[in-house]
Amino acid sequence: MREMGGLGRKMPFIRNVFLIGALALAGVPVLNGFWSKELILEYGIEDGPLLAYMVMLLGAGLTALYTARMVWLVFYGQPRSELHAHDATPAMRIPLGALAGGSLVTWLLVAPFTGMLADTLPYHDLHSLSLGKLVSDILTAPPTWLALAVVAGGFALWHFRSNLEAVSNALRWPGMLAAYDFGFEWLNGRMTGVTNETTRLLSRLQTGQLNWNVIGIGGGLVFVLVYLMWGGA
């Protein structure tokens, strides 16, 4: 993404559907992500510890922050390199358009969907939820407005980032760690190397000859039987 920028002018359709998905991810009304995120936060404060709810709230704000950053780095601003880019072909516009449209309107199907779940999963004690009840429950719940304020704060942090240089400097060291994946990429590389080497060594045990396979299976069976007899004794 650091080598992109300004791609929205070359890829307007992809920019638009990506923006819809990004706003849904951030939990902006009235997209699908808003309804699901608010319900999760509601149940989190009702049935979980306050600390867990605060962590979820922080996650909602950070999601809005990095979503705004992602969209801006890719589709807006000035190009940071010469990249060959073209908009989506018709074969890609159909599924992308369907996904973007679903993010906008499928929450309207909450009544038939929850009714279907209640009918097909009777032992889970599920209840059908009407659209009016969903909207009423969410809009009258104080956690909803608190979560929306946190999401708005996440967007605001990115928008006013140039005025927060002191905060950026204070967070420079975790930013550097994040740039190097907190060491997980290195650890993943070492684990992959050990796995590949172990696989290479064990591959010598597999000759591809059926007779040796039968002998190995028979030997394993004998070992298991002896172990069971010894344990029984």
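Just so it is clear, the structure is predicted and the values come from calculations on it, not from any experiment.

Reading the values: rules and limits
Residues numbered from 1 in each chain as written. Predicted model: local features only at pLDDT ≥ 70, side-chain atom pairs only at ≥ 80, totals over all residues. Heavy atoms only, no water. Helix = DSSP H or I, 4+ residues; strand = E, 2+ residues; numbered from the N terminus. Rg over C-alpha atoms; globule rule 2.2 N^0.38 Å. Buried < 20%, exposed > 50% of the residue type's maximum accessible area, 1.4 Å probe, protein only. Contact = heavy atoms within 4.5 Å. Areas by Shrake-Rupley, 256 points an atom, 1.4 Å probe, with all protein chains shown as cover. Lys, Arg positive; Asp, Glu negative; His and termini not counted. Charge placed at Lys NZ, Arg CZ, Asp CG, Glu CD. Core = buried A, V, L, I, M, F, W, Y, C linked by side-chain atoms within 4.5 Å. Expected span 1.5 Å × (residues − 1). Arc of directions from axis to C-beta. Patch = residues over 30% accessible without salt bridge, like charges linked within 9 Å, V, L, I, M, F, W, Y side chains within 5 Å. Salt bridge = Lys/Arg side-chain N within 4 Å of Asp/Glu carboxyl O. Axes fitted to C-alpha atoms, helices over the stretch in contact; angles between N-to-C directions. Left-handed = near helix turned anticlockwise from the far one by under 90°. Nonpolar A, V, L, I, M, F, W, Y, C, P; charged D, E, K, R; others polar.

A few points about the overall build of the protein
Okay, step 1: Along the backbone of the protein there are eleven helices and zero strands.
Okay, step 2: Listing the helices and strands of the protein from first to last along the sequence gives α-α-α-α-α-α-α-α-α-α-α.
Okay, step 3: For 233 residues, the compact-globule estimate of 2.2 N^0.38 gives 17 Å, and the protein exceeds it by more than 25% at 27 Å.
Okay, step 4: Seen through its principal axes, the protein has C-alpha atoms that stretch 70 × 55 × 45 Å.
Okay, step 5: Considering the protein as a whole, with its 233 residues, one finds that 23% of them fall into the buried category.
Okay, step 6: Considering only residue pairs separated by 6 or more positions, the protein has 73% of its internal contacts joining residues 24 or more positions apart.
Okay, step 7: With an accessible surface of roughly 16500 Å², the protein has 71% of that area assigned to carbon and sulfur atoms.
Okay, step 8: Between the centroid of the 14 positive side chains of the protein and the centroid of its 14 negative side chains there is a distance of 14 Å.

With respect to the nonpolar core
Okay, step 1: Leu 7, Met 11, Ile 14, Ala 22, Val 71, Val 74, Phe 75 and Ala 88 form the largest nonpolar core, which has eight residues in total.
Okay, step 2: Of all the elements in the fold, those that place two or more residues in this core are α1 (12–26) and α3 (50–75).
Okay, step 3: Those residues in contact with Ile 14 that sit more than four places away from it in its chain are Phe 75, His 86, Asp 87 and Ala 88.
Okay, step 4: Counting seven residues, the second largest nonpolar core, distinct from the first, contains Trp 35, Trp 107, Leu 134 and Ile 138.

Let's talk about helix α7 (residues 142–159)
Okay, step 1: Along its 18 residues, α7 runs 26 Å from first to last C-alpha, staying within 8% of the 26 Å computed at 1.5 Å per residue.
Okay, step 2: Taken together, the buried positions of α7 are Pro 143, Thr 144, Ala 147, Leu 148, Val 151, Gly 154 and Trp 158. All buried residues of α7 lie within an arc of 140° about the axis, which places them on one face of the element. Exposed residues on α7 whose side chains face more than 90 degrees from its buried face are Pro 142, Trp 145 and His 159.

A few points about a nonpolar patch on the surface
Okay, step 1: Together, Trp 173, Leu 177, Phe 182, Phe 184, Trp 186, Leu 187 and Met 191 give the surface a local cluster of nonpolar side chains, amounting to about 860 Å² of exposed area.
Okay, step 2: When residues of the nonpolar patch are traced back to their parent elements, those giving at least two are α9 (172–179) and α10 (184–202).
Okay, step 3: Looking at which element gives the most residues to the nonpolar patch, the answer is α10, with four residues.
Okay, step 4: Considering the arrangement of structural elements, one finds Leu 177 in helix α9.
Okay, step 5: Exposure remark for Leu 177: the relative accessible area of 40% places this residue in the partly exposed category.

What to know about the packing of α3 against α7
Okay, step 1: Running from amino to carboxyl end, α3 crosses α7 at an angle of 35°, the nearest separation of the two axes being 8 Å. Here the hand of the crossing between α3 and α7 comes out right-handed. Where α3 abuts α7, its residues Tyr 53, Leu 57, Ala 60, Gly 61, Ala 64, Leu 65, Ala 68, Arg 69 and Trp 72 lie against Pro 143, Leu 146, Ala 147, Val 150, Val 151, Gly 154, Phe 155, Leu 157 and Trp 158.
Okay, step 2: Broken down by class, the residue content of the contact of α3 with α7 amounts to 15 nonpolar, two polar and one charged.

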